[in-house]
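# Structure at a glance
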Amino acid sequence: MIALVRTEFVKAARRMRTLVVVLLLVGLPALIVTAIHGRGNRPDDGSGGPADGLFRLARQSGLLVPAAVLAALSAFLLVVIAGSFAGDSVAGDAGWGNLRYLLMRPVPRGRLLAAKAFVAGVLIWASTILAAVAGLGAGVLLFGWHPVRVPFFVG
């Protein structure tokens, strides 16, 4: 099982799709933080969604930026990335012509699918953590490392 997981990780790491996802998950948080910083302290017009409050709070400290970045990316992009990693694990091998050779090996199909699902799950978690860490780095760089003040909280 460990050899199957290692093989799947190597195949996933060598795909261009994984490199593009990594670049996207490092570049987009930096762009979001720049947009938050460029917006300044404009008054709230009430047209924003639930993430708008996080964007306002994110200007206080770089420690709150990962929450704002994940709120912005989770609406669409992280879902697409998760579907891409999960869906392309078997379909990618079929497209490259590797699936025939994988199924000819004396490995039970259930074990092969479990290894592919495990690798896809780890890549999904890693992409979420990468987006949060990139947002934290960009937020601390632009807004600083200040204590977090939560409005309307007495304690």
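Before any of the text, the structure's been laid out above.
Quick look at the structure, then. (Residues numbered from 1 in each chain as written. Predicted model: local features only at pLDDT ≥ 70, side-chain atom pairs only at ≥ 80, totals over all residues. Heavy atoms only, no water.)

## Here we look at the overall build of the protein chain
Summing up its helical and strand segments, the protein chain has 7 helices and 0 strands in all. Traced from its N-terminal end to its C-terminal end, the protein chain shows the element sequence α-α-α-α-α-α-α. In the protein chain, which comprises 155 residues, the share counted as buried stands at 33%. The contacts in the protein chain between residues at least 6 apart in sequence include a share of 78% that link residues at least 24 apart. (Helix = DSSP H or I, 4+ residues; strand = E, 2+ residues; numbered from the N terminus. Buried < 20%, exposed > 50% of the residue type's maximum accessible area, 1.4 Å probe, protein only. Contact = heavy atoms within 4.5 Å.)

## Re helix α1 (residues 2-14)
With 13 residues, α1 ought to run about 18 Å at 1.5 Å a step, and its terminal C-alpha atoms sit 18 Å apart, in line with that. For α1, the full list of buried residues reads L4, V5, E8, K11 and A12. Down the axis, α1 shows its buried residues gathered within 130° of arc, on one side only. Those residues of α1 that are exposed and aimed more than 90 degrees away from the buried face are I2, R6, A13 and R14. (Expected span 1.5 Å × (residues − 1). Arc of directions from axis to C-beta.)

## Quick word on the packing of α1 against helix α7 (residues 109-143)
Between α1 and α7, whose axes approach to 9 Å, the crossing angle comes to 50°. One way to sum up the angle between α1 and α7 is to call them oblique. The handedness of the crossing between α1 and α7 is right-handed. Residues L4, V5, E8, F9, K11 and A12 of α1 pack against R111, L112, A115, K116, F118, V119, V122 and L123 of α7. Considering only residue class, the contact of α1 with α7 consists of 10 nonpolar, no polar and 4 charged. (Axes fitted to C-alpha atoms, helices over the stretch in contact; angles between N-to-C directions. Parallel < 35°, antiparallel > 145°, perpendicular 65-115°, else oblique. Left-handed = near helix turned anticlockwise from the far one by under 90°. Nonpolar A, V, L, I, M, F, W, Y, C, P; charged D, E, K, R; others polar.)

From the geometry alone we can't say anything about function, so treat these as descriptive.
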